[in-house]
Amino acid sequence: MGWGTVIECKSCGYNLELLEGPGMGYCDLDFVITMLESDQAQKALELKDRFEIIRVDGYMKIYECHSCNVLSNYLCLQLFFEGGGKFETTYLCDKCKSHLEIIEEPVLSDYVCPECGNSTLGPSSFIARIDWD
Ligand SMILES: [Zn+2]
Ligand SMILES: [Zn+2]
């Protein structure tokens, strides 16, 4: 279970669902891996073959790009291997290819709309929270 919010841009109508929390059945790691970007998936599969996995965590997280000031929403998958190794998914900004960073509680006014570039993002008027699982 997780929570989600919809944000929308008051200028152009762009909207984005921000989901957070553990939200899927992570029992099937192979399935989860197929949902990752291809380079990430490949890395995860390689490590999975080489090492014994002792723990898997997967959460939807909100990411920000420092350079562009835009928010996005991705699955953060962490694999812990016997012997102390760890894999964590990383994501790059679509526009500037900077590393995205996880942000816990975004202040919407600090970000710009990825479509029109205006700082007019706000909570969507039609829905406040989404329950998802
Ligand atoms: Zn960027
Ligand atoms: Zn916009």
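For every chain, the first residue of the written sequence is number 1, and numbering continues from 1 along that sequence. Chain letters start at A and ligand numbers start at 1, both assigned in the order the entries are written. Only residues with pLDDT of 70 or above have their local features reported here, since the model is predicted, and side-chain atom pairs are shown and tallied only from 80 upward, although totals for entire chains, interfaces and linings are computed over all residues.

(A) Structural context of the overall build of the chain. In terms of regular secondary structure, the chain is built from 2 helices and 8 strands. Per-residue burial over the chain gives 13% buried out of 133 residues. Contacts are defined on C-beta atoms placed from the backbone: any two residues whose C-beta positions lie within 7 Å are in contact. Summarising the internal contacts of the chain: among those between residues at least 6 apart in sequence, 65% fall at separations of at least 24. Helix and strand assignments follow DSSP, with helices taken as H or I runs no shorter than four residues and strands as E runs no shorter than two, numbered in order from the N terminus. The exposure scheme places C-beta atoms from the backbone and then counts, for each residue, the other C-beta atoms within 10 Å of its own, assigning buried at 20 or more, exposed at 12 or fewer, and partly exposed in between.

(B) Fine view of unusual backbone geometry. For N69, which is not a glycine, the phi torsion comes out positive at approximately 60°. For N69, the location among the structural elements is in the loop between strand 3 (53-65) and strand 4 (70-81). Judged by local crowding, N69 falls into the partly exposed class, with 14 C-beta atoms found within 10 Å. The phi dihedral of K97 is positive, around 65°, even though this residue is not glycine. For K97, the location among the structural elements is in the loop between strand 5 (86-88) and strand 6 (101-102). In this structure K97 comes out as exposed when scored by C-beta crowding, with 9 C-beta atoms within 10 Å.

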